[in-house]
Amino acid sequence: MVFIVIIILSFLFQMVLPWWIIIIISFVTCGLIGKTGKIALWAPFFAILLLWTVMALFKSLPNNNILAMRVAEMFGVQSWILILILTALLGAFTAGISGFCGYHFRKAVLVPKTNP
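Note that the structure is a prediction, hence the values are computed from the model and not measured.

A.B. asks: Sorry, what's going on with the packing of aromatic side chains here?
C.D. replies: Tallied over the full model, the rule gives five aromatic pairs. Centroid distance Trp19 to Trp52: 6.3 Å. Interplanar angle 75°. Geometry classified as edge-to-face. Taken as a pair, Trp19 in the loop between helix H1 (2-13) and helix H2 (21-33) and Trp52 in helix H3 (residues 37-60) lie far apart in primary sequence, 33 residues in all. Note on Trp19: relative accessible area 46%, which makes it partly exposed. Put simply, the rings of Trp42, Phe45 and Phe46 pair up and form one aromatic cluster.

Quick look at the structure:
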């Protein structure tokens, strides 16, 4: 559930907002519906990894990877695939940490109910 919500919201909001909206989406989603810390870490990680990889390929393949090759040259690597992998992993890592923080923020704020 967390995976699907994050991938849909990130896809929609990244059309009009900057890339760092994935941090807010992951934090809020995992803070609200994250079941465990493990899910709150890995669901945003894999959702953004998949979304950014597919979007990068969707934008890069039709123009023969010209922009990706130029960015790869700037970083001193010879393959545009490495830039794509680095980009997807950076976004995925950011989203995973944000989701994990959102889950633990909820756990820290929630006060356990005690029976009188």
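A.B. asks: Hey, could you run me through the state of the cysteines in this one?
C.D. replies: What is meant by a disulfide is a covalent connection between two cysteines, made through their sulfur atoms. Here the structure, examined in full by the defined rule, presents zero disulfides. Of all cysteine sulfurs, the one in Cys101 lies closest to Cys30, which takes part in no disulfide; the gap is 10 Å. Classification of Cys30 by relative accessible area gives buried; the value is 0%. According to the relative accessible area criterion, Cys101 is partly exposed, its value standing at 41%.

A.B. asks: What's the story with the nonpolar core in this structure? I'm lost.
C.D. replies: Note on soluble globular proteins: their nonpolar side chains tend to be buried together. By size, the foremost hydrophobic cluster in this structure holds 13 residues, and its most contacted members are Val2, Ile6, Ile22, Cys30, Ile48, Leu51 and Trp52. Those elements giving two or more residues to this core turn out to be H1, H2, H3 and helix H5 (80-109). With six residues, H3 is the single largest residue contributor to this core. With near-sequence residues (within four places) excluded, Trp52 lies in contact with Gln14, Trp19, Ile22, Thr87, Ala88 and Gly91.

A.B. asks: Is there a simple way to explain the UniProt feature "transmembrane region" (unreviewed entry) in the protein chain in this structure?
C.D. replies: Residues given the UniProt feature "transmembrane region" (unreviewed entry) here are residues 6-32, 39-58 and 78-103. A distance of 12 Å separates the end C-alpha atoms of residues 6-32, which is 74% helix and 0% strand.

A.B. asks: Please clarify how H1 should be interpreted in this entry.
C.D. replies: One turn of the α-helix equals 3.6 residues, which is why residues spaced by three or four share an orientation. Spanning 12 residues, H1 covers 16 Å between terminal C-alpha atoms, matching the ideal 16 Å at 1.5 Å per step. Buried within H1 are the following residues: Val2, Ile6, Ile7 and Ser10. In an axial view of H1, the angular spread of the buried residues amounts to 120°, which keeps them on one side of the axis. Of the surrounding elements, those touching the buried residues of H1 are H2 and H3.

A.B. asks: Please clarify how a nonpolar patch on the surface should be interpreted in this entry.
C.D. replies: A surface patch of nonpolar side chains, amounting to about 1100 Å² of accessible area, comprises Met1, Trp19, Trp20, Ile23, Ile24, Phe27, Val28, Leu32, Ile33, Phe105 and Val109. Of all the secondary-structure elements, those providing two or more residues to the nonpolar patch are H2 and H5. Top contributing element to the nonpolar patch by residue count: H2, with six residues. Examined against the element boundaries, Phe105 turns out to sit in helix H5.

Calculation notes
Residues numbered from 1 in each chain as written. Predicted model: local features only at pLDDT ≥ 70, side-chain atom pairs only at ≥ 80, totals over all residues. Heavy atoms only, no water. Phe/Tyr/Trp six-rings, centres within 6.5 Å; stacked < 30°, edge-to-face > 60°. Helix = DSSP H or I, 4+ residues; strand = E, 2+ residues; numbered from the N terminus. Buried < 20%, exposed > 50% of the residue type's maximum accessible area, 1.4 Å probe, protein only. Disulfide = S-S within 2.5 Å. Core = buried A, V, L, I, M, F, W, Y, C linked by side-chain atoms within 4.5 Å. Contact = heavy atoms within 4.5 Å. UniProt positions renumbered as here; feature names shortened; annotations may be inferred. Expected span 1.5 Å × (residues − 1). Arc of directions from axis to C-beta. Patch = residues over 30% accessible without salt bridge, like charges linked within 9 Å, V, L, I, M, F, W, Y side chains within 5 Å. Areas by Shrake-Rupley, 256 points an atom, 1.4 Å probe, with all protein chains shown as cover. Salt bridge = Lys/Arg side-chain N within 4 Å of Asp/Glu carboxyl O.

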